[in-house]
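# Chain and residue survey
Letter by letter, the chains look like this.
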Amino acid sequence: MKPTVLLLLIWFSVFLPSVHGAGSRRPNILFILTDDQSPFDFRFYNPKSSLDTPNIARLAAEGMVFDGAYHMGSFSGAVCTPSRHMIMSGRTVWHLPLGPGATAHCPPDLERNTIGAVFNRAGYKTMRTCKQGNSYPAANQQFSVVHDATKRGGTDESGSAWHADQVMNYLRDREAGKVTDPFFIYFGFSHPHDTRDGKPKLLAKYGATNHSDRDSLPAANPKQPALPPNYLPAHPFDIGHPGLRDENSVSGVWKNRDERTIRNELGREYACAENIDIQLGRVLEKLKAMGELDNTYIIYTADHGIAIGRHGLQGKQNLYQHTWRVPLIVKGPGIKPGTRAEGNVYLLDLLATFCDLAGVSAPDSNEGISFKPVLEGRQATIRETLYGVYNGGTKPGMRGVRKGDWKLIKTDALNGAVHETQLFNLAENPDEFLDQHHDPAVIKLTGVTPAPAQTNLAGDPKYAAKLAEMEALLLAEMRRLDDPWRLWNQPAEGSAPPGKRAPNNKQGKTKEPRR
């Protein structure tokens, strides 16, 4: 073969695919974010759930479900605020433009490198609808089209249909204007965050009422969802946030943790969650009619989980799996339908992943890791170790770490009055049962009898070596991530900004943000 012919063959084989790739349609991204939603509400995580979400279930069947997706945590009672900052910026929890590490660990003008700004520069058309408040306003404003409002009512105008209407209008405008540029749509909902005022028909389906009388209990109804298997009438120790709104003032619940209250509130949550599913279905049908569905990555998740009776808690200010974990589904081009992966991803990995899927360079400020290799089936996980924090009440608060099947939670609160260590083997005790779950009165309510070994293992001498290993791992993660606090049995050194001593066992009371 002549050298000239050989060179031409090499040129065609190497360069033509990239030219073809450059001319192909870039993928759209539809990012769906709910407010306060435990993964265990869904049947694809919890087969015993009575929640009916056919459109979300279809996404799960046609895409990939993540069994190990987490939010990193919070230094505020409004857990959604740092979570949404992390989603937008790809920054870790102590490196955000608010909170203890802002001055030392956050670059200036970070909003210029958040989702909306990054995809605007990449030639995408960007649109956002979501709740107002407890978010990242400077980043939200980077989207070209923004329609934000808090909608937690029981009608189409006051509830989730309003958010879907904004997306539907945007898609109709694209269609009318014959816009061909790819889109990034941030499709956020205000529900199922309280107040969970569901639509009457859906409330009736789940046997729930929008209970508003502090002096009475809601009516019992056999249609209401069953108590969670790890339900408790009270948490065994103080979580260290006096006056916390989510544990004291949620309308319809307040401080009550009785069976009628929790089952009714779960029914209200399910009514709101099914309405989200209905609204999502409208948007998916529109994308299909426009011929855009097959070229769109669809990502469904929540800003964090929620307790609602699990472990005797109501809110999201804890590090149990029902609250630390989030639901995560990804469907789109090249993702094998019906697949599952552990993943070990954080919500802060979303920005890097969005960029990777779209062929866009992630900003230098990003600290997340793209989980595209997991979506392509080339990796099962992104990281080995996961770190979690709740630091919104008295300090230092809660810290958690997971590696493999093992998980450690430590709580240091109320100026040293609460020192608690919890060690779980999640393969053997996925519901994180405690000694209190073995109480016959609790078993009678839940119908679940834990095995003898399904409990907190921190005090068992057989697991002393594993406990020491997990304690060392937690400290290493706290140091690596610039956690400015230390727990009661850790060295007093820290990673506070220069000139500021790292606090240790101080009681700090924070004003509870409005949500």
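Now for a look at the structure at hand. (Residues numbered from 1 in each chain as written. Predicted model: local features only at pLDDT ≥ 70, side-chain atom pairs only at ≥ 80, totals over all residues. Heavy atoms only, no water.)

Another aspect to go through is the pairing of strand E14 (residues 406-413). Judged by how many residues are buried, E14 sits mostly within the fold: eight of eight residues are covered. Because side chains alternate across E14, one face comprises the buried residues Trp406, Leu408, Lys410 and Asp412, and the other comprises Lys407, Ile409, Thr411 and Ala413, equally buried. Here strand E13 (residues 397-403) pairs with E14 via seven bridges, running antiparallel. Note that in E14 the partner of Arg402 across the bridge is Lys407. Between E13 and E14, which pair antiparallel one after the other, the connecting turn spans two residues, and Gly404 there sits at a positive phi close to 60°. The pairing of E14 with strand E15 (residues 418-425) spans eight bridges and is antiparallel. From the neighbouring strand, Ile409 faces E15, where its bridge partner is Gln422. Here E14 folds back onto E15 in antiparallel fashion, the turn holding four residues, of which Leu414 has a positive phi close to 55°. (Buried < 20%, exposed > 50% of the residue type's maximum accessible area, 1.4 Å probe, protein only. Helix = DSSP H or I, 4+ residues; strand = E, 2+ residues; numbered from the N terminus. Pairing = 2+ DSSP bridges.)

The subject of this paragraph is the sheet that holds E14. Pairing is mixed across the open sheet formed by five strands, whose spatial order is E4-E12-E13-E14-E15. Where the open sheet ends on each side, the last strands, each with one partner, are strand E4 (73-74) and E15. The strands that helix H15 (residues 464-480) touches are strand E12 (385-390), E13, E14 and E15; relative to E13, the one it contacts most, it runs at about 110°. (Contact = heavy atoms within 4.5 Å. Axes fitted to C-alpha atoms, helices over the stretch in contact; angles between N-to-C directions.)

The next thing to look at is the packing of helix H7 (residues 160-177) against helix H10 (residues 259-290). Relative orientation and spacing of two packed helices are given, respectively, by the angle between their axes and the distance between those axes. Relative to each other, H7 and H10 sit at 10°, their axes nearing to 9 Å. With respect to each other, H7 and H10 are oriented roughly parallel. Residue-level inspection shows Ser160, Ala161, Ala164, Asp165, Val167, Met168, Leu171, Arg172 and Glu175 of H7 in contact with H10, the latter providing Asn275, Ile276, Gln279, Arg282, Val283, Lys286, Leu287 and Met290. Each residue belonging to the contact of H7 with H10 can be placed in one class, and the counts come to nine nonpolar, three polar and five charged. (Parallel < 35°, antiparallel > 145°, perpendicular 65-115°, else oblique. Nonpolar A, V, L, I, M, F, W, Y, C, P; charged D, E, K, R; others polar.)

Bringing the nonpolar core into the picture now. Membership of the largest hydrophobic core comes to 42 residues, with the highest contact counts inside it found for Met72, Val93 and Tyr387. Among the secondary structure elements, those contributing two or more residues to this core are E12, E13, E14, E15 and H15. Broken down by element, the residue count for this core peaks at five residues, all from H15. Among all residues touching Tyr387, those that are not within four sequence positions of it are Met72, Val93, Trp94, Trp324, Tyr346, Arg399, Gly400, Leu474, Glu477, Met478, Leu481 and Asp483. (Core = buried A, V, L, I, M, F, W, Y, C linked by side-chain atoms within 4.5 Å.)

Attention shifts here to the environment of Leu348. For Leu348, the position within the fold is in the loop between strand E11 (345-346) and helix H12 (350-358). The spacing of Leu348 and Pro484 is 136 residues in sequence and 20 Å in space, taken between C-alpha atoms. Residues within four places of Leu348 in sequence aside, it is in contact with Met72, Met86, Gly90, Arg91, Thr92, Asn366, Glu367 and Gly368.

On to the side chain of His191, then. Mapping His191 onto the fold places it in strand E7 (residues 183-192). Side-chain polar atoms of His191 contact the backbone oxygen of Thr195, separated by 3.2 Å. (Polar contact = N/O pair within 3.5 Å; in protein donor to acceptor, adjacent residues only side chain to side chain.)

Glancing now at the packing of aromatic side chains. Overall, the coordinates contain 16 aromatic pairs when judged by the stated rule. Aromatic pair Phe42 and Tyr300: ring centres 5.9 Å apart, planes at 90°, arrangement edge-to-face. One end of the pair, Phe42, is in the loop between strand E1 (28-35) and helix H2 (54-62); the other, Tyr300, is in strand E8 (residues 296-302), and 258 residues separate them in sequence. In this structure Phe42 comes out as buried when scored by relative accessible area, which is 0%. What makes Tyr300 buried here is its relative accessible area of 1%. (Phe/Tyr/Trp six-rings, centres within 6.5 Å; stacked < 30°, edge-to-face > 60°.)

This part takes up the packing of H2 against H10. For the pair H2 and H10, the least separation of the axes is 7 Å and the interaxial angle reads 60°. Classified by the angle between their axes, H2 and H10 sit oblique to one another. Residues Pro54, Asn55, Ile56 and Leu59 of H2 pack against Asp277, Ile278, Leu280, Gly281 and Leu284 of H10. Of the residues in the contact of H2 with H10, the class split is six nonpolar, two polar and one charged.

Attention now goes to the environment of Met168. For Met168, the location among the structural elements is in helix H7. Considering only alpha carbons, one finds Met168 and Ile306, 138 residues apart in sequence, at a separation of 29 Å. Apart from residues lying up to four places away in sequence, Met168 is in contact with Arg282, Val283 and Lys286.

Here we take up the pattern of salt bridges. Scanning the model with the defined rule gives 40 salt bridges in all. With its nearest N and O atoms 2.7 Å apart, the salt bridge here joins Lys199 to Asp156. Of the two residues, Lys199 sits in the loop between E7 and helix H8 (200-205) while Asp156 sits in the loop between strand E6 (145-148) and H7, which places them 43 residues apart along the sequence. Classification of Lys199 by relative accessible area gives partly exposed; the value is 24%. Salt-bridge contacts for Arg263 lead to Glu259; the nearest nitrogen and oxygen are separated by 3.5 Å. Taken together, the residues span about one helical turn, with Arg263 and Glu259 both in helix H10 at a distance of four residues. Taking the relative accessible area as the measure of exposure, Glu259 reaches 30% and is therefore partly exposed. Salt bridges sharing common partners tie together Asp35, Arg84, Lys131, Arg152 and Asp303. (Salt bridge = Lys/Arg side-chain N within 4 Å of Asp/Glu carboxyl O.)

As a further point, take H2. Looking only at H2, the buried set comprises Asn55, Ile56, Leu59 and Ala60. The buried side chains of H2 occupy one side of the element, clustering within an arc of 145° when seen end-on. Buried-residue contacts for H2 involve strand E2 (64-66), H10, E8 and strand E9 (328-331). (Arc of directions from axis to C-beta.)

Disulfides are covalent bonds that link the sulfur atoms of two cysteine residues. Following the criterion strictly, the structure yields zero disulfides and no others. In this structure Cys80 is not part of a disulfide, and its nearest cysteine sulfur, from Cys130, lies 9.6 Å away. The class of Cys80 is buried, set by a relative accessible area of 0%. (Disulfide = S-S within 2.5 Å.)

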